[in-house]
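Per-entry structural report
Here is how the chains run, residue by residue.
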Amino acid sequence: MKNYDAVILGAGQSGMPLAKKISNIGLSVALIEKRVIGGTCINDGCSPTKTMVSSARVAHLVSRAADFGVILPSYQVDQEIVKKRKDHIVTLFRGGAEKSLSKNENIDILMGTAAFKDSHTIEITSSTGSTETVKGKKIFINTGSEPRIPEIDGLTGTPYLTSTTVMELEETPEHLLIMGGGYIGLEFAQMFRRFGSNVTIIDRAGRLVSKEDEDVCKEISQIFSDEGIDTLFNSEVRKVTYQDGFTIITKTPEGEKSLKGSHLLVATGRIPSSARLGLENTQIKTTDKGFIRTDDFLKTAENHIYALGDVAGSAPFTHIAYHDAHIAFQHAYKGNGISKKERLVPYCVFIDPQLARIGLNEQEAKDKGIPYKTGKFLMKHAGRTLEVDETRGFFKVLVDPKSKKILGATILSLDGGEIMAILQMAMVGGVTYDTIATLPIAHPTLAESLNNLMGQIE
Ligand SMILES: Cc1cc2nc3c(=O)[nH]c(=O)nc-3n(C[C@H](O)[C@H](O)[C@H](O)COP(=O)(O)OP(=O)(O)OC[C@H]3O[C@@H](n4cnc5c(N)ncnc54)[C@H](O)[C@@H]3O)c2cc1C
Ligand SMILES: NC(=O)c1ccc[n+]([C@@H]2O[C@H](COP(=O)([O-])OP(=O)(O)OC[C@H]3O[C@@H](n4cnc5c(N)ncnc54)[C@H](O)[C@@H]3O)[C@@H](O)[C@H]2O)c1
(Lines give C-alpha, C1' and ligand atoms only; values in the text may rest on other atoms or scores of the structure.)
(Ligands and ions follow the chains in the order given, each with its own letter.)
Protein backbone atom coordinates (compact mmCIF):
# COMPACT_ATOMS: atom_id res chain seq x y z
CA MET A 1 0.00 0.00 0.00
CA LYS A 2 1.47 3.35 -1.06
CA ASN A 3 1.73 6.18 1.48
CA TYR A 4 1.26 9.70 0.18
CA ASP A 5 1.80 13.08 1.81
CA ALA A 6 -1.64 14.04 0.51
CA VAL A 7 -4.59 12.12 -0.87
CA ILE A 8 -7.26 14.13 -2.68
CA LEU A 9 -10.71 12.69 -3.36
CA GLY A 10 -12.12 14.27 -6.54
CA ALA A 11 -10.35 16.06 -9.41
CA GLY A 12 -12.72 19.03 -9.41
CA GLN A 13 -12.25 22.75 -9.05
CA SER A 14 -10.53 22.45 -5.66
CA GLY A 15 -8.80 19.09 -6.14
CA MET A 16 -6.86 20.00 -9.27
CA PRO A 17 -5.31 23.31 -8.10
CA LEU A 18 -4.70 21.85 -4.65
CA ALA A 19 -2.79 18.88 -6.11
CA LYS A 20 -0.52 21.30 -7.98
CA LYS A 21 0.05 23.52 -4.94
CA ILE A 22 1.00 20.55 -2.75
CA SER A 23 3.21 18.93 -5.36
CA ASN A 24 4.97 22.25 -5.95
CA ILE A 25 6.32 22.19 -2.39
CA GLY A 26 7.86 18.81 -3.11
CA LEU A 27 5.23 16.54 -1.53
CA SER A 28 3.65 13.42 -3.04
CA VAL A 29 -0.03 13.54 -4.01
CA ALA A 30 -2.60 10.92 -5.01
CA LEU A 31 -5.47 12.55 -6.91
CA ILE A 32 -8.40 10.12 -7.11
CA GLU A 33 -11.18 10.68 -9.65
CA LYS A 34 -14.13 8.40 -10.29
CA ARG A 35 -15.29 9.78 -13.66
CA VAL A 36 -13.22 12.27 -15.66
CA ILE A 37 -10.68 14.96 -14.78
CA GLY A 38 -12.11 18.46 -14.35
CA GLY A 39 -15.26 17.90 -12.29
CA THR A 40 -18.61 19.55 -12.86
CA CYS A 41 -17.36 22.91 -14.08
CA ILE A 42 -15.41 21.66 -17.08
CA ASN A 43 -17.52 18.63 -17.98
CA ASP A 44 -21.14 19.38 -17.02
CA GLY A 45 -21.32 22.92 -15.68
CA CYS A 46 -19.83 26.31 -16.40
CA SER A 47 -17.87 25.65 -19.59
CA PRO A 48 -20.40 23.62 -21.59
CA THR A 49 -23.37 25.76 -20.52
CA LYS A 50 -21.64 29.02 -21.32
CA THR A 51 -20.53 27.65 -24.70
CA MET A 52 -24.16 26.81 -25.49
CA VAL A 53 -25.36 30.15 -24.08
CA SER A 54 -23.05 31.80 -26.63
CA SER A 55 -24.68 29.86 -29.48
CA ALA A 56 -28.09 30.94 -28.14
CA ARG A 57 -26.99 34.58 -27.96
CA VAL A 58 -25.89 34.47 -31.59
CA ALA A 59 -29.31 33.04 -32.53
CA HIS A 60 -30.96 35.88 -30.59
CA LEU A 61 -28.84 38.58 -32.22
CA VAL A 62 -29.44 37.08 -35.67
CA SER A 63 -33.19 37.13 -34.97
CA ARG A 64 -32.78 40.88 -34.32
CA ALA A 65 -30.45 41.54 -37.26
CA ALA A 66 -33.02 43.74 -39.04
CA ASP A 67 -33.08 46.11 -36.00
CA PHE A 68 -29.44 46.85 -36.78
CA GLY A 69 -30.01 47.31 -40.50
CA VAL A 70 -28.74 43.87 -41.46
CA ILE A 71 -31.24 42.00 -43.59
CA LEU A 72 -30.90 38.20 -43.62
CA PRO A 73 -33.10 35.94 -45.72
CA SER A 74 -33.58 33.44 -42.85
CA TYR A 75 -31.67 31.44 -40.27
CA GLN A 76 -31.97 28.11 -38.50
CA VAL A 77 -30.43 26.51 -35.41
CA ASP A 78 -28.63 23.19 -35.88
CA GLN A 79 -28.66 21.56 -32.44
CA GLU A 80 -26.16 18.92 -33.56
CA ILE A 81 -23.57 21.60 -34.39
CA VAL A 82 -24.37 23.45 -31.14
CA LYS A 83 -23.61 20.21 -29.27
CA LYS A 84 -20.45 19.53 -31.31
CA ARG A 85 -19.16 23.01 -30.47
CA LYS A 86 -19.88 22.37 -26.78
CA ASP A 87 -18.16 18.94 -26.93
CA HIS A 88 -15.10 20.52 -28.53
CA ILE A 89 -14.73 23.06 -25.70
CA VAL A 90 -15.16 20.36 -23.02
CA THR A 91 -12.53 18.15 -24.69
CA LEU A 92 -10.17 21.11 -25.05
CA PHE A 93 -10.50 22.22 -21.41
CA ARG A 94 -10.39 18.68 -20.00
CA GLY A 95 -7.35 17.83 -22.15
CA GLY A 96 -5.58 20.96 -20.90
CA ALA A 97 -6.33 20.04 -17.29
CA GLU A 98 -5.14 16.44 -17.77
CA LYS A 99 -1.95 17.57 -19.48
CA SER A 100 -0.97 20.06 -16.81
CA LEU A 101 -1.59 17.52 -14.00
CA SER A 102 0.15 14.59 -15.68
CA LYS A 103 3.38 16.47 -16.39
CA ASN A 104 3.82 16.91 -12.63
CA GLU A 105 5.86 13.94 -11.38
CA ASN A 106 4.76 14.33 -7.74
CA ILE A 107 1.10 13.72 -8.68
CA ASP A 108 -0.33 10.22 -9.26
CA ILE A 109 -3.76 10.30 -10.90
CA LEU A 110 -5.73 7.25 -9.74
CA MET A 111 -8.99 6.61 -11.60
CA GLY A 112 -11.72 5.01 -9.46
CA THR A 113 -14.27 5.66 -6.73
CA ALA A 114 -12.75 6.56 -3.37
CA ALA A 115 -14.10 5.73 0.09
CA PHE A 116 -12.63 5.82 3.61
CA LYS A 117 -11.64 2.47 5.18
CA ASP A 118 -10.41 4.39 8.22
CA SER A 119 -9.37 7.97 8.79
CA HIS A 120 -5.97 7.52 7.06
CA THR A 121 -6.82 4.83 4.50
CA ILE A 122 -8.72 5.22 1.23
CA GLU A 123 -10.01 2.33 -0.86
CA ILE A 124 -10.27 2.98 -4.59
CA THR A 125 -12.64 0.85 -6.66
CA SER A 126 -12.00 0.95 -10.42
CA SER A 127 -14.70 0.70 -13.10
CA THR A 128 -13.82 -2.99 -13.54
CA GLY A 129 -14.37 -3.66 -9.83
CA SER A 130 -10.71 -4.08 -8.85
CA THR A 131 -9.60 -2.30 -5.68
CA GLU A 132 -6.45 -0.74 -4.27
CA THR A 133 -5.79 1.14 -1.05
CA VAL A 134 -3.64 4.17 -0.36
CA LYS A 135 -2.76 6.04 2.80
CA GLY A 136 -2.51 9.80 3.24
CA LYS A 137 -0.82 11.92 5.91
CA LYS A 138 -3.39 14.54 5.00
CA ILE A 139 -6.63 13.93 3.11
CA PHE A 140 -8.74 16.42 1.16
CA ILE A 141 -12.35 15.70 0.15
CA ASN A 142 -13.50 17.46 -3.03
CA THR A 143 -16.27 15.22 -4.31
CA GLY A 144 -18.64 18.00 -5.39
CA SER A 145 -22.38 17.72 -5.86
CA GLU A 146 -24.97 16.08 -8.10
CA PRO A 147 -28.48 16.95 -9.31
CA ARG A 148 -31.22 16.64 -6.67
CA ILE A 149 -34.10 14.61 -8.07
CA PRO A 150 -37.27 15.19 -6.02
CA GLU A 151 -39.47 12.26 -5.11
CA ILE A 152 -42.44 12.75 -7.39
CA ASP A 153 -44.96 10.11 -8.35
CA GLY A 154 -43.99 8.60 -11.73
CA LEU A 155 -40.84 10.69 -12.32
CA THR A 156 -38.24 7.91 -11.94
CA GLY A 157 -39.55 5.78 -14.79
CA THR A 158 -39.54 8.65 -17.32
CA PRO A 159 -36.73 9.90 -19.62
CA TYR A 160 -36.45 13.20 -17.75
CA LEU A 161 -33.35 15.34 -18.32
CA THR A 162 -30.84 16.82 -15.86
CA SER A 163 -28.47 19.75 -16.41
CA THR A 164 -25.97 17.17 -17.70
CA THR A 165 -28.15 15.20 -20.12
CA VAL A 166 -30.01 18.21 -21.54
CA MET A 167 -26.72 19.30 -23.11
CA GLU A 168 -26.49 16.00 -25.01
CA LEU A 169 -29.66 16.70 -27.07
CA GLU A 170 -29.10 16.68 -30.82
CA GLU A 171 -32.56 18.00 -31.61
CA THR A 172 -34.23 21.17 -30.36
CA PRO A 173 -37.09 20.27 -27.98
CA GLU A 174 -40.51 21.30 -29.22
CA HIS A 175 -41.64 22.19 -25.72
CA LEU A 176 -39.20 22.08 -22.80
CA LEU A 177 -40.79 21.94 -19.34
CA ILE A 178 -38.31 23.03 -16.64
CA MET A 179 -38.92 22.10 -13.03
CA GLY A 180 -37.04 24.75 -10.98
CA GLY A 181 -36.50 28.46 -11.67
CA GLY A 182 -33.06 28.78 -10.03
CA TYR A 183 -29.79 29.54 -11.82
CA ILE A 184 -29.76 26.32 -13.83
CA GLY A 185 -33.43 26.70 -14.78
CA LEU A 186 -32.93 30.30 -15.91
CA GLU A 187 -29.84 29.67 -18.04
CA PHE A 188 -31.37 26.69 -19.88
CA ALA A 189 -34.81 28.34 -20.23
CA GLN A 190 -33.48 31.34 -22.12
CA MET A 191 -30.97 29.23 -24.07
CA PHE A 192 -33.56 26.77 -25.41
CA ARG A 193 -36.13 29.50 -26.05
CA ARG A 194 -33.53 31.19 -28.25
CA PHE A 195 -32.85 27.88 -30.01
CA GLY A 196 -36.56 27.82 -30.88
CA SER A 197 -38.23 25.69 -28.17
CA ASN A 198 -41.39 26.62 -26.33
CA VAL A 199 -40.33 26.79 -22.67
CA THR A 200 -42.32 26.63 -19.44
CA ILE A 201 -40.68 27.05 -16.01
CA ILE A 202 -42.52 25.52 -13.05
CA ASP A 203 -41.36 26.50 -9.55
CA ARG A 204 -42.81 25.86 -6.13
CA ALA A 205 -41.56 29.30 -4.99
CA GLY A 206 -43.58 32.45 -5.65
CA ARG A 207 -41.07 33.92 -8.11
CA LEU A 208 -37.90 33.31 -10.12
CA VAL A 209 -34.49 33.47 -8.36
CA SER A 210 -36.14 34.01 -5.01
CA LYS A 211 -32.77 34.79 -3.31
CA GLU A 212 -32.52 38.05 -5.29
CA ASP A 213 -34.27 41.36 -4.51
CA GLU A 214 -37.85 41.67 -5.70
CA ASP A 215 -37.07 44.36 -8.31
CA VAL A 216 -34.37 42.11 -9.79
CA CYS A 217 -36.75 39.20 -10.01
CA LYS A 218 -39.46 41.43 -11.56
CA GLU A 219 -37.11 42.69 -14.27
CA ILE A 220 -35.91 39.16 -15.10
CA SER A 221 -39.52 37.92 -15.22
CA GLN A 222 -40.40 40.74 -17.63
CA ILE A 223 -37.38 39.99 -19.85
CA PHE A 224 -38.29 36.28 -19.90
CA SER A 225 -41.94 37.00 -20.60
CA ASP A 226 -40.97 39.35 -23.47
CA GLU A 227 -38.91 36.52 -24.96
CA GLY A 228 -41.94 34.22 -24.76
CA ILE A 229 -40.94 32.04 -21.79
CA ASP A 230 -43.92 30.88 -19.72
CA THR A 231 -43.73 30.62 -15.93
CA LEU A 232 -45.89 28.88 -13.37
CA PHE A 233 -45.19 29.73 -9.72
CA ASN A 234 -46.36 28.34 -6.36
CA SER A 235 -46.62 25.04 -8.20
CA GLU A 236 -45.72 21.74 -6.61
CA VAL A 237 -45.38 18.98 -9.20
CA ARG A 238 -47.43 15.98 -7.98
CA LYS A 239 -47.29 13.46 -10.81
CA VAL A 240 -45.28 12.89 -13.97
CA THR A 241 -46.18 10.55 -16.82
CA TYR A 242 -44.53 9.92 -20.17
CA GLN A 243 -46.11 8.66 -23.36
CA ASP A 244 -44.79 10.29 -26.56
CA GLY A 245 -44.18 13.32 -24.38
CA PHE A 246 -44.51 14.44 -20.76
CA THR A 247 -47.66 15.25 -18.83
CA ILE A 248 -47.17 16.77 -15.42
CA ILE A 249 -49.81 17.46 -12.81
CA THR A 250 -49.07 20.37 -10.49
CA LYS A 251 -50.82 21.65 -7.39
CA THR A 252 -51.28 25.42 -7.62
CA PRO A 253 -53.23 27.88 -5.41
CA GLU A 254 -55.94 27.81 -8.11
CA GLY A 255 -56.18 24.01 -7.99
CA GLU A 256 -54.59 21.20 -10.00
CA LYS A 257 -53.14 21.98 -13.43
CA SER A 258 -51.98 19.65 -16.17
CA LEU A 259 -49.11 20.64 -18.47
CA LYS A 260 -47.75 18.89 -21.53
CA GLY A 261 -44.27 19.09 -23.03
CA SER A 262 -41.96 17.12 -25.29
CA HIS A 263 -39.05 17.19 -22.77
CA LEU A 264 -38.70 17.69 -19.01
CA LEU A 265 -35.62 19.19 -17.34
CA VAL A 266 -35.33 18.68 -13.58
CA ALA A 267 -33.38 21.64 -12.14
CA THR A 268 -34.43 21.58 -8.51
CA GLY A 269 -31.05 22.12 -6.86
CA ARG A 270 -28.02 19.95 -6.16
CA ILE A 271 -27.02 17.63 -3.29
CA PRO A 272 -23.51 17.09 -1.91
CA SER A 273 -21.74 13.90 -3.07
CA SER A 274 -20.97 12.64 0.43
CA ALA A 275 -23.27 9.64 0.90
CA ARG A 276 -20.96 6.86 -0.27
CA LEU A 277 -17.61 8.11 1.04
CA GLY A 278 -17.44 5.80 4.06
CA LEU A 279 -17.48 8.82 6.38
CA GLU A 280 -18.89 6.54 9.08
CA ASN A 281 -15.38 5.04 9.29
CA THR A 282 -14.07 8.44 10.43
CA GLN A 283 -15.04 11.10 12.99
CA ILE A 284 -16.24 13.41 10.17
CA LYS A 285 -19.72 14.88 10.64
CA THR A 286 -22.21 16.05 8.04
CA THR A 287 -25.18 18.44 8.21
CA ASP A 288 -28.71 17.08 7.84
CA LYS A 289 -28.46 17.91 4.11
CA GLY A 290 -25.23 15.89 3.77
CA PHE A 291 -22.70 18.74 3.57
CA ILE A 292 -19.43 17.90 5.34
CA ARG A 293 -19.01 20.02 8.47
CA THR A 294 -15.78 22.03 8.61
CA ASP A 295 -14.38 24.95 10.55
CA ASP A 296 -13.71 28.29 8.86
CA PHE A 297 -10.43 26.91 7.47
CA LEU A 298 -12.22 23.90 5.91
CA LYS A 299 -10.85 21.41 8.47
CA THR A 300 -13.23 18.59 9.41
CA ALA A 301 -13.56 16.97 12.85
CA GLU A 302 -10.42 14.98 11.92
CA ASN A 303 -7.33 17.20 12.25
CA HIS A 304 -5.68 15.89 9.08
CA ILE A 305 -8.79 15.88 6.85
CA TYR A 306 -10.18 18.89 4.99
CA ALA A 307 -13.32 19.22 2.85
CA LEU A 308 -13.59 21.74 0.01
CA GLY A 309 -16.04 23.04 -2.58
CA ASP A 310 -19.68 22.03 -3.05
CA VAL A 311 -19.43 18.98 -0.78
CA ALA A 312 -18.35 21.22 2.11
CA GLY A 313 -21.32 23.56 1.67
CA SER A 314 -19.13 26.38 0.30
CA ALA A 315 -21.11 28.73 -1.98
CA PRO A 316 -21.61 26.44 -5.01
CA PHE A 317 -19.49 28.22 -7.60
CA THR A 318 -16.27 27.29 -9.36
CA HIS A 319 -14.29 30.31 -8.22
CA ILE A 320 -15.24 29.54 -4.60
CA ALA A 321 -14.17 25.89 -4.90
CA TYR A 322 -10.93 27.16 -6.43
CA HIS A 323 -10.48 29.63 -3.57
CA ASP A 324 -11.17 26.82 -1.06
CA ALA A 325 -7.99 25.15 -2.38
CA HIS A 326 -6.08 28.29 -1.39
CA ILE A 327 -7.63 28.40 2.11
CA ALA A 328 -7.02 24.70 2.83
CA PHE A 329 -3.48 24.75 1.43
CA GLN A 330 -2.51 27.78 3.51
CA HIS A 331 -3.98 26.26 6.64
CA ALA A 332 -2.65 22.73 6.17
CA TYR A 333 0.88 23.56 5.00
CA LYS A 334 1.62 27.17 5.90
CA GLY A 335 -0.20 27.42 9.21
CA ASN A 336 -1.79 30.73 8.29
CA GLY A 337 -4.08 32.35 5.75
CA ILE A 338 -7.56 33.73 5.47
CA SER A 339 -10.71 31.98 6.60
CA LYS A 340 -13.76 31.43 4.44
CA LYS A 341 -15.65 33.87 6.67
CA GLU A 342 -13.56 36.77 5.39
CA ARG A 343 -14.17 36.34 1.67
CA LEU A 344 -16.65 38.13 -0.54
CA VAL A 345 -18.69 35.77 -2.74
CA PRO A 346 -19.31 37.14 -6.22
CA TYR A 347 -21.35 35.30 -8.85
CA CYS A 348 -22.69 35.78 -12.31
CA VAL A 349 -25.69 34.01 -13.84
CA PHE A 350 -25.33 33.84 -17.62
CA ILE A 351 -28.77 34.90 -18.68
CA ASP A 352 -28.96 37.85 -21.02
CA PRO A 353 -28.51 40.46 -19.60
CA GLN A 354 -26.20 38.85 -17.05
CA LEU A 355 -27.22 38.79 -13.40
CA ALA A 356 -24.16 39.53 -11.26
CA ARG A 357 -24.06 39.85 -7.50
CA ILE A 358 -21.50 40.79 -4.86
CA GLY A 359 -21.97 41.41 -1.13
CA LEU A 360 -25.31 42.35 0.38
CA ASN A 361 -28.56 42.90 -1.46
CA GLU A 362 -31.37 45.02 -0.07
CA GLN A 363 -33.34 42.10 1.32
CA GLU A 364 -30.33 40.75 3.22
CA ALA A 365 -29.46 44.21 4.62
CA LYS A 366 -33.04 44.59 5.88
CA ASP A 367 -33.10 41.08 7.39
CA LYS A 368 -29.80 41.71 9.20
CA GLY A 369 -30.78 45.24 10.32
CA ILE A 370 -27.75 46.75 8.56
CA PRO A 371 -28.20 50.47 7.76
CA TYR A 372 -27.71 51.31 4.07
CA LYS A 373 -28.36 53.82 1.34
CA THR A 374 -29.07 52.62 -2.17
CA GLY A 375 -28.65 53.85 -5.72
CA LYS A 376 -30.12 52.44 -8.91
CA PHE A 377 -29.39 53.29 -12.53
CA LEU A 378 -31.52 51.94 -15.38
CA MET A 379 -29.53 50.67 -18.34
CA LYS A 380 -32.02 52.21 -20.78
CA HIS A 381 -30.44 55.56 -19.84
CA ALA A 382 -26.87 54.45 -20.55
CA GLY A 383 -25.35 55.72 -23.80
CA ARG A 384 -23.48 52.46 -24.40
CA THR A 385 -26.54 50.20 -24.10
CA LEU A 386 -28.49 52.47 -26.48
CA GLU A 387 -25.67 52.30 -29.01
CA VAL A 388 -25.63 48.50 -28.96
CA ASP A 389 -29.41 48.33 -28.45
CA GLU A 390 -29.31 46.13 -25.34
CA THR A 391 -31.00 48.34 -22.79
CA ARG A 392 -32.52 45.88 -20.32
CA GLY A 393 -31.67 45.77 -16.62
CA PHE A 394 -30.08 48.08 -14.09
CA PHE A 395 -27.12 48.67 -11.78
CA LYS A 396 -28.06 48.71 -8.10
CA VAL A 397 -25.71 49.38 -5.19
CA LEU A 398 -25.93 49.45 -1.39
CA VAL A 399 -23.54 51.66 0.57
CA ASP A 400 -22.79 52.31 4.22
CA PRO A 401 -24.22 55.77 5.04
CA LYS A 402 -21.40 56.56 7.47
CA SER A 403 -18.22 55.20 5.86
CA LYS A 404 -19.57 55.63 2.28
CA LYS A 405 -18.08 52.21 1.47
CA ILE A 406 -19.87 49.73 -0.80
CA LEU A 407 -21.84 46.98 0.98
CA GLY A 408 -22.98 45.14 -2.12
CA ALA A 409 -24.29 45.39 -5.65
CA THR A 410 -26.56 43.69 -8.14
CA ILE A 411 -25.63 44.30 -11.76
CA LEU A 412 -28.31 43.09 -14.15
CA SER A 413 -26.83 44.25 -17.42
CA LEU A 414 -25.02 43.45 -20.62
CA ASP A 415 -21.60 42.18 -19.41
CA GLY A 416 -22.85 42.53 -15.82
CA GLY A 417 -20.20 40.11 -14.51
CA GLU A 418 -17.37 42.35 -15.66
CA ILE A 419 -18.93 45.45 -14.07
CA MET A 420 -19.51 43.57 -10.82
CA ALA A 421 -15.79 42.71 -10.66
CA ILE A 422 -14.96 46.43 -10.74
CA LEU A 423 -17.16 46.93 -7.68
CA GLN A 424 -15.60 43.89 -6.02
CA MET A 425 -12.18 45.55 -6.38
CA ALA A 426 -13.63 48.78 -4.96
CA MET A 427 -15.04 46.84 -1.99
CA VAL A 428 -11.74 45.07 -1.31
CA GLY A 429 -9.84 48.34 -1.65
CA GLY A 430 -12.31 50.32 0.49
CA VAL A 431 -13.03 52.83 -2.31
CA THR A 432 -15.98 55.05 -1.33
CA TYR A 433 -19.01 55.72 -3.53
CA ASP A 434 -18.40 59.48 -3.79
CA THR A 435 -14.93 58.76 -5.24
CA ILE A 436 -16.46 56.55 -7.93
CA ALA A 437 -19.19 59.14 -8.64
CA THR A 438 -16.63 61.63 -9.94
CA LEU A 439 -13.94 59.29 -11.28
CA PRO A 440 -13.25 59.85 -14.99
CA ILE A 441 -14.18 56.50 -16.63
CA ALA A 442 -13.56 55.96 -20.34
CA HIS A 443 -16.41 56.95 -22.63
CA PRO A 444 -18.48 55.32 -24.05
CA THR A 445 -18.26 52.21 -21.88
CA LEU A 446 -20.78 50.38 -19.72
CA ALA A 447 -18.50 51.04 -16.75
CA GLU A 448 -19.01 54.80 -16.99
CA SER A 449 -22.58 54.18 -15.78
CA LEU A 450 -20.94 53.62 -12.38
CA ASN A 451 -20.60 57.44 -12.24
CA ASN A 452 -24.37 57.77 -12.73
CA LEU A 453 -25.11 54.94 -10.30
CA MET A 454 -23.09 56.45 -7.46
CA GLY A 455 -24.50 59.88 -8.30
CA GLN A 456 -28.01 58.49 -7.59
CA ILE A 457 -27.23 57.79 -3.94
CA GLU A 458 -29.10 60.24 -1.75
C1 LIG B 1 -25.23 23.30 -15.15
C2 LIG B 1 -24.29 23.99 -14.21
C3 LIG B 1 -23.78 25.23 -14.54
C4 LIG B 1 -22.90 25.87 -13.67
N5 LIG B 1 -22.41 27.09 -14.03
C6 LIG B 1 -21.55 27.72 -13.20
C7 LIG B 1 -20.99 28.98 -13.58
O8 LIG B 1 -21.27 29.52 -14.63
N9 LIG B 1 -20.13 29.57 -12.72
C10 LIG B 1 -19.80 29.00 -11.53
O11 LIG B 1 -19.00 29.59 -10.79
N12 LIG B 1 -20.32 27.81 -11.14
C13 LIG B 1 -21.18 27.16 -11.96
N14 LIG B 1 -21.68 25.94 -11.60
C15 LIG B 1 -21.28 25.37 -10.30
C16 LIG B 1 -19.87 24.75 -10.37
O17 LIG B 1 -19.77 23.87 -11.47
C18 LIG B 1 -19.58 24.01 -9.07
O19 LIG B 1 -19.84 24.85 -7.97
C20 LIG B 1 -18.12 23.56 -9.03
O21 LIG B 1 -17.81 22.71 -10.10
C22 LIG B 1 -17.88 22.82 -7.71
O23 LIG B 1 -16.56 22.36 -7.70
P24 LIG B 1 -16.11 21.19 -6.74
O25 LIG B 1 -14.64 21.13 -6.90
O26 LIG B 1 -16.66 21.38 -5.40
O27 LIG B 1 -16.81 19.86 -7.32
P28 LIG B 1 -16.79 19.21 -8.76
O29 LIG B 1 -16.27 20.14 -9.78
O30 LIG B 1 -18.14 18.64 -8.97
O31 LIG B 1 -15.72 18.03 -8.63
C32 LIG B 1 -15.96 16.91 -7.85
C33 LIG B 1 -15.25 15.72 -8.48
O34 LIG B 1 -15.25 14.64 -7.55
C35 LIG B 1 -15.49 13.43 -8.25
N36 LIG B 1 -15.97 12.45 -7.27
C37 LIG B 1 -17.17 12.43 -6.64
N38 LIG B 1 -17.23 11.40 -5.77
C39 LIG B 1 -16.04 10.76 -5.86
C40 LIG B 1 -15.50 9.62 -5.23
N41 LIG B 1 -16.16 8.92 -4.31
N42 LIG B 1 -14.24 9.22 -5.58
C43 LIG B 1 -13.52 9.90 -6.52
N44 LIG B 1 -14.00 10.99 -7.15
C45 LIG B 1 -15.23 11.42 -6.82
C46 LIG B 1 -16.50 13.83 -9.31
O47 LIG B 1 -16.53 12.89 -10.37
C48 LIG B 1 -15.95 15.19 -9.73
O49 LIG B 1 -15.02 15.07 -10.77
C50 LIG B 1 -22.54 25.26 -12.45
C51 LIG B 1 -23.05 24.00 -12.12
C52 LIG B 1 -23.90 23.37 -13.00
C53 LIG B 1 -24.43 22.01 -12.63
N1 LIG C 1 -23.83 30.94 -13.39
C2 LIG C 1 -23.65 30.26 -12.26
O3 LIG C 1 -22.86 30.61 -11.40
C4 LIG C 1 -24.42 28.99 -12.07
C5 LIG C 1 -25.23 28.50 -13.07
C6 LIG C 1 -25.93 27.32 -12.85
C7 LIG C 1 -25.81 26.67 -11.65
N8 LIG C 1 -25.01 27.17 -10.69
C9 LIG C 1 -24.92 26.49 -9.38
O10 LIG C 1 -25.68 25.29 -9.34
C11 LIG C 1 -26.49 25.27 -8.17
C12 LIG C 1 -27.77 24.52 -8.43
O13 LIG C 1 -28.63 25.25 -9.32
P14 LIG C 1 -30.20 24.99 -9.37
O15 LIG C 1 -30.80 26.00 -10.28
O16 LIG C 1 -30.48 23.55 -9.63
O17 LIG C 1 -30.62 25.20 -7.87
P18 LIG C 1 -31.26 26.46 -7.12
O19 LIG C 1 -31.26 26.10 -5.68
O20 LIG C 1 -30.64 27.73 -7.55
O21 LIG C 1 -32.77 26.50 -7.64
C22 LIG C 1 -33.65 25.42 -7.50
C23 LIG C 1 -35.06 25.92 -7.77
O24 LIG C 1 -35.91 24.78 -7.81
C25 LIG C 1 -37.10 25.06 -7.09
N26 LIG C 1 -37.62 23.77 -6.63
C27 LIG C 1 -37.07 22.92 -5.72
N28 LIG C 1 -37.82 21.80 -5.60
C29 LIG C 1 -38.86 21.95 -6.46
C30 LIG C 1 -39.98 21.13 -6.80
N31 LIG C 1 -40.16 19.93 -6.24
N32 LIG C 1 -40.86 21.59 -7.71
C33 LIG C 1 -40.66 22.82 -8.30
N34 LIG C 1 -39.63 23.62 -8.02
C35 LIG C 1 -38.74 23.19 -7.12
C36 LIG C 1 -36.66 26.00 -5.97
O37 LIG C 1 -37.74 26.77 -5.50
C38 LIG C 1 -35.59 26.85 -6.68
O39 LIG C 1 -36.14 28.00 -7.29
C40 LIG C 1 -26.72 26.72 -7.81
O41 LIG C 1 -26.81 26.88 -6.41
C42 LIG C 1 -25.55 27.44 -8.39
O43 LIG C 1 -24.62 27.78 -7.41
C44 LIG C 1 -24.32 28.33 -10.87
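Because the structure is a prediction, the values reported are computed rather than measured.

**Let's talk about the environment of Arg392**
Note that Arg392 resides in the loop between helix H9 (383-388) and strand S20 (394-399). Taking the C-alpha atoms as reference, Arg392 lies 6.6 Å from Ser413; in sequence the two are 21 residues apart. Setting aside residues up to four positions removed in sequence, Arg392 forms contacts with Ile223, Pro353 and Met379.

**A short note on the site of ligand 2**
Around ligand 2 lies a shell of 26 residues, among which Gly180, Gly182, Ile184, Thr268 and Pro316 are the nearest. Counting only elements with at least two residues in the shell around ligand 2, the list comes to helix H5 (183-195), strand S11 (236-242) and strand S17 (347-349). Element by element, the count of residues in the shell around ligand 2 is highest for H5, at four residues. Here the shell around ligand 2 is built from residues that sort into 14 nonpolar, seven polar and five charged.

**Digging into the nonpolar core**
In this structure, Ile178, Met179, Phe188, Ala189, Leu264 and Leu265 are the most contacted members of the largest nonpolar core, which totals 67 residues. Examining the composition of this core, we find that eight residues originate from one element, H5, more than from any other. The residues contacting Ala189, other than those within four sequence positions of it, are Ile178, Val199, Ile201, Phe224 and Ile229. Judged by nonpolar contacts, the second largest core, of 45 residues, contains Met16, Ile32, Phe140 and Phe329.

**Regarding the UniProt feature "binding site: FAD" (unreviewed entry) in the protein chain**
As annotated in UniProt, the feature "binding site: FAD" (unreviewed entry) corresponds to Lys50, Thr143, Gly144, Ser145 and Asp310 in the numbering used here. These annotated residues cover 261 residues of sequence, and their C-alpha atoms reach 22.6 Å apart at the extremes, leaving them scattered rather than at a single site. A residue is classified by how many C-beta atoms lie within 10 Å of it, and Lys50, with 14 of them, is partly exposed. Structurally, Thr143 can be placed in the loop between strand S6 (131-141) and strand S7 (145-147). On the neighbour-count criterion, Thr143 (29 C-beta atoms within 10 Å) is buried. In this view, Thr143 contacts Leu9, Gly10, Ser273, Ser274, Leu277 and Val311; residues no more than four positions away in its chain are not counted.

The rules behind these values
- Each residue is numbered by its place in its chain's sequence as written, counting from 1.
- Each chain gets a letter, beginning with A, and each ligand a number, beginning with 1, in the order they are written.
- With pLDDT at 70 or above as the cut-off, local features in this predicted model cover only qualifying residues; side-chain atom pairs require 80 or more to be listed or tallied, and sums for whole chains, interfaces and linings still use all residues.
- Segments assigned H or I by DSSP are reported as helices when at least four residues long, segments assigned E as strands when at least two residues long, and all are numbered from the N terminus.
- Placing C-beta atoms from the backbone, we regard two residues as in contact once those atoms come within 7 Å.
- In this entry, near means the residue's backbone-placed C-beta atom lies within 6 Å of the molecule or strand.
- Amino acid classes used here: Ala, Val, Leu, Ile, Met, Phe, Trp, Tyr, Cys and Pro are nonpolar; Asp, Glu, Lys and Arg are charged; the rest, including Gly, are polar.
- For our purposes the nonpolar core covers buried Ala, Val, Leu, Ile, Met, Phe, Trp, Tyr and Cys residues that link as a set through C-beta atoms within 7 Å.
- Buried means a residue has 20 or more other C-beta atoms within 10 Å of its own C-beta, exposed means 12 or fewer, and partly exposed covers the counts in between; C-beta atoms are placed from the backbone.
- UniProt positions are given in the numbering used here, feature names are shortened, and annotations may be inferred rather than shown by experiment.

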